[in-house]
Amino acid sequence: MRSKGQDGNTAGGFILKIYRKLRDCCLSELAQEEAEPSPMKTTWYCPLDLSTVVEEEEDGVIYTVVVKQQHGPNSPVSTASRSQCVKAGTEEKLVLHLLHSFSMGDSSFISIFLSTYRSFTSTERVLDILTDRLEYLPGDGERSHTRQSFNKAVCTVFSTWLSEYPEDFKGLREPSRLLRLAPLLPQDSSSAADLRASLLRIAEELSERALLPDAHRDQTGFSGPPPDPARFEPTSILGFPAALSAEQLTKIETELFVRLVPYHCLGSLWSQRDKKGREGVCWSVRATVRQFNKLANAVLASCLWPTKLRRQQRARLLEKWISVAEDCRARKNFSSLYAIVSALQSNPIHRLRRTWQETDREALRRYEELAEIFSDKDNYSQSRELLKEEGTSKFANLDNRLNSRHLNRSHAQGTVPYLGIFLTDLTMLDTAVKDRLDNGYINFDKRRREFEVLAQIRLLQSSCKNCVFVTDEAFLQWYHSVPTLTEEQSYRLSNEIEAPSEPSPRGLTPTVVITQCPDLSASRSSLAGDSDSLFDFHSPVNNFLSKLTKHMRSPSVSCLDVDTSPPTVESTPTTLTPTTPTKSHRRSASCGNNPTGNIQGSGPDMRIIRIRMDLQDGNLYRSILVTSNDKTPTVISSALEKHNQDPKQASRYELIQLLPEGKELVIPPTGNVFYAMTSSSVDFLLRRKGGNTPFGPQSISPETSATFPRIKAKGRRLVRTLF
């Protein structure tokens, strides 16, 4: 044994000697190359990161400062470059930084601020702060370098603001602010003169609107009588080629998407849309939701309304809509594609077992492939990957057979995304990241993250602006003649087609797991730099979102309801029509202060549970975010509100955790739900005290709150209400 060890040591020493000789030889050759001139130029890159990131606070603003050491090509002395961007600040300082951002190297500040400032201030307040600053100009005179730089910054800010967000100025209640601002603009450039003329023109329009309010009413709502059900021909859809139907739907969706105002998607605005006094906000997103639900309703009505059709005839209707969905996919119209797929997956159609058995097998295979695009696996990773690959490409990434069959390749195509993914991301950011720092400064790093998502929307919009379509009046007339079906009507028609006594084999009990978010602080890394591409989903904001979604099955923390229902045929079908909407996509009562989930050790622990309430028209599950601060009355009130019941009736109900083997755990009336519950079950029951009798039929809220539908992912019917 000792001889073997000695041999090993000898061999190791021999190898070490050879290594040293080779190293010395290489170093000597390199030294000779440096001494002798060579026609080849070699650039050496230092593998070390020589940049330094620090934070500096100055007069109400916190800056993130990046200092990089740079070596010149012919100079051995390194030079340092310094850039800084705003991390947080007071309202006034953030507004005034608009005028100094370019000179300080923060070139993206203006775009980010103008896209997101509505989350923490108002247009009127921003105009007041800037106008006050213009009354005290810097520099010694009009010709001074300081004054000229300042004037250039003023023109840049207001020109960008007016060109990209003219609705901010046109939405002012009265013209006094614009009349005060216009004379203070610089006088020494043609761009300033054009800017002044534009502002005065808008001020004149505001004055006219104040004098003649009836001539400027909001035209965003619907007009005209509702469709007449007696004149509706459900099977007429069979007479339109699938390519034509998809083109007309893409035309409608593209026009809506181009008019979409990106900042309407901000979580702080969209999640508050149902509050009193905010009925008109986010109108562009509401229009997209209405179109989504209108198309889903058209699929339902055409497949369910003719109850006397034979199974084979109804199967042809399913095949037609699958073909239309496939054409929408070829046109990169993901919004209409998801509306059709989710309607086919809705309970009234999904449960028609005999009809599905008569459907062509090849059509079913294509249908499953289309449905897989919107699987919620890994935070909708497949749908995001398609946007990354095809977002700005001219055509969809399909095989040549599909492209040649479905498309006219003489015109480039835009991409119409499924807006729910972006709303989910922005709502998640708004919920999980603080609006203000502990010292009260506005957290502008949060706005930078939100801007990354908004920039993706704007890039997709730019791809749609030059799309060309041919209108088909016959299809549009049929499409607008489809009557709206309520949940009850859809389910009743489905039961007339196939009796409810026959169970459907297509689907399992949906599940939602209890969620804990103990390590969100690990996800709150600072935004170190801009991503290489707007569709690079490995950017800081998307890494942040991916870490968040590892803690949940629902794609957001608390602002998106998760509706689930048992697989029995008596359960209530999914909401697809805007006639009798359910409240959804709203913050739970327990998350009014933006729960942070142990962020920096200051936030409460959180869990997502689902609460069922026995109602006469079915059992509905609602997701509720429970924090370690929530008591039983708070959770019960929140659950009642989610079920569209009166939250003031909370004292009449008790909260029960449903345990395995049919056992129940009654949560104490004044207890802390977070600590009283066990981790062995996800389900809770809201039951009226004194018995199992339900309190009454569900009262549907009359508020305008449309919903996106449920989705079945990989053989399971996961119910997710996105809006």
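All values reported here derive from a predicted model rather than from experimental measurement. (Residues numbered from 1 in each chain as written. Predicted model: local features only at pLDDT ≥ 70, side-chain atom pairs only at ≥ 80, totals over all residues. Heavy atoms only, no water.)

Undergrad: A description of the overall build of the protein chain should follow, citing residues and the corresponding values.
TA: What the protein chain contains, in helices and strands, is 25 helices and 11 strands. When the 723 residues of the protein chain are sorted by exposure, 51% land in the buried category. Residue pairs at least 24 apart in sequence account for 74% of intrachain contacts in the protein chain once pairs closer than 6 positions are excluded. Summing over all exposed atoms, the protein chain offers an accessible surface of approximately 34300 Å²; the carbon and sulfur share of this is 51%. (Helix = DSSP H or I, 4+ residues; strand = E, 2+ residues; numbered from the N terminus. Buried < 20%, exposed > 50% of the residue type's maximum accessible area, 1.4 Å probe, protein only. Contact = heavy atoms within 4.5 Å. Areas by Shrake-Rupley, 256 points an atom, 1.4 Å probe, with all protein chains shown as cover.)

Undergrad: Could you give an account of the confidence of the model for the protein chain, naming the residues involved and the relevant values?
TA: On average, the protein chain scores 74 in pLDDT, and the residues at 70 or more come to 67%. Least confident of the elements in the protein chain is strand β11 (residues 716-718), whose mean pLDDT is 33; most confident is strand β4 (residues 442-443), at 96. Residue range residues 215-222 is modelled with pLDDT below 50. Its contacts to residues more than four positions away, or to other chains, number five contacts. Of the regions scoring below 50 in pLDDT, residues 503-603 engages in 315 contacts with residues more than four places distant in sequence or in other chains. (pLDDT = per-residue confidence, 0-100.)

Undergrad: How would you explain the nonpolar core if you had to name every residue and give the values?
TA: Counting residues in hydrophobic clusters, the biggest one holds 122 residues, and the most contacted among them are Phe113, Phe158, Trp161 and Ile340. Counting residues per element, this core draws most heavily on helix α11 (residues 283-304), which supplies 12 residues. Core analysis: the next-biggest nonpolar cluster, separate from the first, contains 18 residues, Ile624, Val626, Val635 and Tyr653 among them. (Core = buried A, V, L, I, M, F, W, Y, C linked by side-chain atoms within 4.5 Å.)

Undergrad: If you had to explain the environment of Thr486 to someone new, which residues and values would you point to?
TA: Here Thr486 shows up in the loop between α21 (473-480) and α22 (487-497). For the pair Thr486 and Asn297, spaced 189 residues apart in the sequence, the C-alpha separation amounts to 9.0 Å.

Undergrad: Give me the lowdown on the side chain of Lys251, citing residues and values where you can.
TA: Tracing the chain through its elements places Lys251 in helix α9 (residues 242-259). Residue contacts for Lys251: discarding those within four places in its chain leaves Phe469 and Thr471.

Undergrad: Describe α22, and please don't skip the residues or the numbers.
TA: Of all the residues in α22, the buried ones are Glu487, Ser490, Tyr491, Leu493, Ser494 and Ile497. End-on, the buried residues of α22 take up no more than an arc of 160°, which puts them together on one face. If you follow the buried residues of α22, they end up packed against α11, α12 (311-330) and α14 (347-350). (Arc of directions from axis to C-beta.)

Undergrad: I'd like to hear about the pattern of salt bridges, residue by residue, with values.
TA: With the rule as written, the count across this model stands at 27 salt bridges. Between Glu55 and Lys87 there is a salt bridge whose closest N-O contact spans 2.5 Å. Residue Glu55 is located in strand β1 (residues 52-58), and its partner Lys87 is located in strand β3 (residues 78-89); the two are separated by 32 residues in the primary sequence. The partner of Arg125 in a salt bridge is Glu91, with the nearest N and O atoms 2.8 Å apart. In this pair, Arg125 is assigned in helix α4 (residues 123-134) and Glu91 in helix α2 (residues 91-96), connecting sequence segments 34 residues apart. Taking the relative accessible area as the measure of exposure, Glu91 reaches 23% and is therefore partly exposed. Residues joined in a network through salt bridges with shared partners are Asp430, Asp435, Lys446, Arg447 and Glu450. (Salt bridge = Lys/Arg side-chain N within 4 Å of Asp/Glu carboxyl O.)

Undergrad: Tell me about unusual backbone geometry, residues and numbers included.
TA: For Asp59, which is not a glycine, the phi torsion comes out positive at approximately 50°. Here Asp59 is to be found in the loop between β1 and β2 (61-71). With relative accessibility at 57%, the residue Asp59 sits in the exposed group. Backbone geometry at Cys282 places phi at a positive 55°, although glycine is not the residue there.

Undergrad: Before we move on, can you summarise the environment of Thr254 with the specific residues and values?
TA: Among the structural elements, Thr254 can be located in helix α9. For the pair Thr254 and Pro417, spaced 163 residues apart in sequence, the C-alpha separation works out to 9.6 Å. Apart from the residues within four sequence positions on either side, Thr254 is in contact with Val416, Cys464, Cys467 and Phe469. At 2.6 Å, the side chain of Thr254 and the backbone oxygen of Thr250 are in polar contact. (Polar contact = N/O pair within 3.5 Å; in protein donor to acceptor, adjacent residues only side chain to side chain.)

Undergrad: Please give an account of the packing of α9 against α21 that cites residues and values.
TA: Contact geometry for α9 and α21: axes closest at 10 Å, N-to-C directions at 70°. Viewed along their axes, α9 and α21 adopt a mutual orientation that is roughly perpendicular. Facing α9, whose interface residues are Leu244, Ser245, Gln248, Leu249 and Ile252, α21 presents Phe475, Leu476 and Tyr479. Counted by class, the contact of α9 with α21 contains six nonpolar, two polar and no charged residues. (Axes fitted to C-alpha atoms, helices over the stretch in contact; angles between N-to-C directions. Parallel < 35°, antiparallel > 145°, perpendicular 65-115°, else oblique. Nonpolar A, V, L, I, M, F, W, Y, C, P; charged D, E, K, R; others polar.)

Undergrad: Can you tell me about the packing of aromatic side chains, naming the residues and giving the values?
TA: How two aromatic rings sit relative to each other is given by the distance of their centres and the angle of their planes. Considering all chains together, one arrives at 20 aromatic pairs under this definition. With a centroid separation of 5.5 Å and an interplanar angle of 85°, the aromatic rings of Phe240 and Phe475 are classed as edge-to-face. Remark: Phe475 occurs in helix α21 and Phe240 occurs in the loop between α8 (190-211) and α9; sequence separation between them is 235 residues. Since its relative accessible area comes to 14%, Phe240 is described here as buried. Centroid distance Phe292 to Tyr418: 5.9 Å. Interplanar angle 40°. Geometry classified as tilted. Remark: Tyr418 occurs in the loop between α18 (400-406) and α19 (419-432) and Phe292 occurs in helix α11; sequence separation between them is 126 residues. The burial state of Phe292 is the same as that of Tyr418; both residues are buried. (Phe/Tyr/Trp six-rings, centres within 6.5 Å; stacked < 30°, edge-to-face > 60°.)

Undergrad: Break down the side chain of Glu247 for me, citing the residues and quoting the values.
TA: Residue position: Glu247 is located in helix α9. Despite its burial, Glu247 pairs with no opposite charge, the nearest such side chain being Arg331 at 4.5 Å. Residues contacting Glu247, with those up to four places away along its chain left out, are Arg331, Phe469 and Val470. (Lys, Arg positive; Asp, Glu negative; His and termini not counted.)

Undergrad: So what about the packing of helix α5 (residues 145-164) against α8? Which residues, and what values?
TA: Relative to each other, α5 and α8 sit at 45°, their axes nearing to 10 Å. Judged on the interaxial angle alone, α8 and α5 are oblique. Here the hand of the crossing between α5 and α8 comes out left-handed. Residues Cys155, Phe158, Ser159 and Leu162 of α5 form the contact with α8, whose own contacting residues are Ser191, Ala192, Leu195, Ser198, Leu199 and Ile202. (Left-handed = near helix turned anticlockwise from the far one by under 90°.)

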